[in-house]
Amino acid sequence: MTIDRRPDLSRMKGYHSAQVEVDVRLNTNESPEPPPPEFGAALARAVTEIDFNRYPDRSATALRAAIAADHNVRPDQVFVGNGSNEVLQCLLLAFGGPGRSVLVFEPTYALHTHIPEITGTKVLTETRNEDFTLDPATVGAAVAAADPTIVFLCSPNNPTGLIEDPAVLDAAAAASQGLVVVDEAYGQFSSWSAVDRVNDDDRIVVVRTFSKTWAMAGLRLGYAIAPSSVVEAMDAVVLPYHLDVVKQAAGVLAFDFRGAMEARVARICEQRGRIMAALTDLDVDVWPSQANFVLFRPRRVAGDVVWQRLVDNSILVRNCSSWPGLDGCLRVTVGTAEENGRFIDALKGALA
Ligand SMILES: Cc1ncc(COP(=O)(O)O)c(C=O)c1O
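Keep in mind it's a predicted model, so treat the numbers as computed, not measured. (Residues numbered from 1 in each chain as written. Predicted model: local features only at pLDDT ≥ 70, side-chain atom pairs only at ≥ 80, totals over all residues. Heavy atoms only, no water.)

## So, the domain arrangement of the chain
It is common to give the size of an interface as the accessible area that goes away when the parts come together. Assigned domains of the chain: these are domain 1 (7-35 + 259-350) and domain 2 (49-257). Here domain 1 and domain 2 have C-alpha centroids that lie 24 Å from each other. Facing 34 residues of domain 1, the contacting portion of domain 2 comprises 31 residues. Roughly 2400 Å² is buried in total at the junction of domain 1 and domain 2, and carbon and sulfur atoms are behind 66% of that figure. When the buried surface of domain 1 facing domain 2 is broken down by residue, Tyr15, Met261 and Gln290 rank first, second and third, together holding 26% of it. (Domains from an automatic or database assignment. Contact = heavy atoms within 4.5 Å. Buried area = accessible area lost by both parts, 1.4 Å probe.)

See the structure below:
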C-alpha cells in the first residue's frame, strides 16, 4: 500500500546525524559530563510524589516561573517545549506557513531550513562572508529586501562556532516587519546573549535549550524568551499537555544545580581553548569558537578522508565536508580532557 505524500515534501529525508559505534563520540555537541548525581537523586525523590494518573500542568506554571526567574523576565514571556527544535516548530506553526517566508544566513543550523519546509514556509537564503561573519549593513538590506516573517540568527552559530555581532541583531530588528529569532542553543558558552533585548514592544525572540550547557539532551527540554503576544500565539498551536510531568519536575530542579552547570561550562571552555591551540599548530584552518565545538578544515587531506581516519581510531566527529559553503570542513565537539587528548593525537596521525 502506498499513499501519496504531500507533494512539497515527497522527496524530503528526515534530519539525521551519522552514528557509528566508536569509543569517543564528538559529533552531536552534547555535554561530555552528566549532571551531578545529586540532581538524579533529587529527581528520583520528586518522582515518588507525582500523581501519574493525572495530566500534567498544561501551562507548566512552575517550570515557566523558574525559567523566567533565571532570565529576569515574566513567566508569560516564556514558552517551553520538548527540546528547542520543538520550540522552533511551534514558532513556525504559529507564524509560518503558505505565503510566508523565513530568511537564513548559510551556513547555519540545518533545522532553520528543515522546519520551515515541513510547515510549508518558503526559505530565503543569504550567504555569510567567507570568514562566516555577517555585516550589519548587508543583513539590514537583505531583511528589508526579503521582508520575511522570521529572520533566523544563531549565536554562537552551528556549525561555525562564531557569535553574531550584536550590531547584526540591531540591523535585522530595525529592518524587519516580522520576528527576529536568535537561536542560543550554545548561549552560556559565549560572551554575549540577546536575552536582555527581549521585551513586549520589540520583535526579538531568543531560543535556548537544556541539551548542551545543562547536560540534559536526554530530557528534551527547550524554551523561548519572547514578547508575551508571541508566547500566546505559540501556546495556541502546541498540543495539549505536551510537557510530561517528569520533565517539568526535572526542569525546575535543574536550577538548584546552576553552580554545577557553570563549573561544567568553565571546564568545557578551558578544553575548547586546548583544542583550538592544538589545531592552530596543525595543518588545518580553524575558526574561533564560542560554543562547545570547533569547526576546522584540513588543508592538504580531504575532509572525508580525515573523518574516516578518525573513525578508524574510534573517534566520531561531524563530517560537514559536503554541506554548502563548508567544503572539506569537520566539526568536533569538546569532550572530556581524555577524549580531547585522543582526538588531538588521532588528528595528528590522520593529517600525516
Ligand atoms: C543551533 C541549535 N539549535 C537547536 C538545537 C536543538 O536542540 P534541542 O536538543 O534542544 O532540540 C541544536 C542542536 O544541536 C542546535 O545546534
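Next comes the rest of the write-up.
## Section: the site of the ligand
In the region of the ligand, 13 residues are neighbours, and Ser84, Asp183, Tyr186, Thr209 and Ser211 sit closest. Within the side chain of Asn158, a nitrogen or oxygen atom sits 2.8 Å from an oxygen atom of the ligand. At 2.7 Å, a side-chain N or O of Asp183 approaches a nitrogen atom of the ligand. For the ligand, whose accessible area on its own is 400 Å², the fraction buried by protein is 92%. Under a 2 Å grid-point criterion requiring more than half of the atoms, the pocket assigned to the ligand is the largest pocket. Grouping the constituent residues of the shell around the ligand by class yields 4 nonpolar, 6 polar and 3 charged. (Near = heavy atom within 4 Å. Polar contact = N/O pair within 3.5 Å; in protein donor to acceptor, adjacent residues only side chain to side chain. Areas by Shrake-Rupley, 256 points an atom, 1.4 Å probe, with all protein chains shown as cover. 1 Å grid on protein atoms, 1.4 Å probe; cavity = no way out; pocket = protein on both sides within 12 Å on 5 of 7 lines; lining within 4 Å. Sits in = over half its atoms within 2 Å of the grid points. Nonpolar A, V, L, I, M, F, W, Y, C, P; charged D, E, K, R; others polar.)

## A short note on helix α9 (residues 258-280)
Compared with an ideal rise of 1.5 Å per residue, which puts 23 residues at 33 Å, α9 spans 33 Å between its outermost C-alpha atoms and is within 8% of the ideal. Among the residues of α9, those classed as buried are Met261, Arg264, Val265, Ile268, Gln271, Arg272, Ile275, Met276, Ala278 and Leu279. Contact partners of the buried residues in α9: β9 (284-286), β10 (293-298), β12 (330-333) and α11 (337-351). (Helix = DSSP H or I, 4+ residues; strand = E, 2+ residues; numbered from the N terminus. Expected span 1.5 Å × (residues − 1). Buried < 20%, exposed > 50% of the residue type's maximum accessible area, 1.4 Å probe, protein only.)

## A closer look at the packing of helix α3 (residues 84-95) against helix α7 (residues 228-237)
Look at α3 against α7: their axes get within 8 Å of each other, and the N-to-C directions meet at 95°. Here α3 is positioned roughly perpendicular relative to α7, judged by the angle of their axes. Across the interface between the two elements, Val87, Cys90, Leu91, Leu93, Ala94 and Phe95 from α3 touch Val230, Ala233, Met234 and Val237 from α7. Here the contact of α3 with α7 is built from residues that sort into 10 nonpolar, no polar and no charged. (Axes fitted to C-alpha atoms, helices over the stretch in contact; angles between N-to-C directions. Parallel < 35°, antiparallel > 145°, perpendicular 65-115°, else oblique.)

## Remarks on empty space enclosed by the protein
Scanning all chains against the criterion turns up 1 cavity of 30 Å³ or more. Counted as a void, the largest cavity has a volume near 40 Å³. What lines the largest cavity is Tyr15, Thr108, Tyr109, Ala110, Asn158, Pro159, Trp323 and Arg331. Domain assignment of the residues forming the lining of the largest cavity places at least three in each of domain 1 (7-35 + 259-350) and domain 2 (49-257). (Points joined across faces, edges and corners; volume = space filled by probe spheres on them.)

## Focus on the sheet that holds β12
Spatial ordering of the open sheet is given by β1-β11-β12-β10-β9, a layout of 5 strands whose pairing is mixed. The open sheet has two edge strands with one neighbour each: β1 (24-26) and β9. Sheet twist, expressed as the average angle between the axes of neighbouring strands with direction ignored, equals 35°. The strands touched by helix α10 (residues 303-312) are β10, β11 (315-319) and β12; relative to β11, the strand with the most contacts, the crossing angle is about 155°. (Pairing = 2+ DSSP bridges.)

## Details of the layout of surface pockets
Of the pockets and cavities examined, the largest pocket occupies roughly 500 Å³. If you tally residues by element for the lining of the largest pocket, the top one is α3, at 3 residues. Its residues assigned to classes, the lining of the largest pocket comprises 7 nonpolar, 11 polar and 6 charged. Of the volumes computed, that of the second largest pocket is approximately 210 Å³. In terms of residue class, the lining of the second largest pocket is built from 4 nonpolar, 4 polar and 3 charged. Taken domain by domain, the makeup of the lining of the second largest pocket includes at least three residues from each of domain 1 (7-35 + 259-350) and domain 2 (49-257).

## Observations regarding the pattern of salt bridges
Scanning the entire structure with this criterion turns up 14 salt bridges. Glu164 is the partner of Arg128 in a salt bridge, and the nearest nitrogen-oxygen pair spans 2.9 Å. Here Glu164 lies in the loop between β5 (150-154) and α6 (166-175) and Arg128 lies in the loop between β4 (122-127) and α5 (136-146), a separation of 36 residues in the sequence. Each member of the pair, Arg128 together with Glu164, is buried. For Asp285, the salt bridge identified is with Arg299, shortest N-O distance 2.9 Å. Here Asp285, found in strand β9, pairs with Arg299, found in the loop between β10 and α10; they are 14 residues apart in sequence, far enough to count as distant. Taken together, the shared-partner salt bridges connect Asp283, Asp285, Arg299 and Arg300 into one network. (Salt bridge = Lys/Arg side-chain N within 4 Å of Asp/Glu carboxyl O.)

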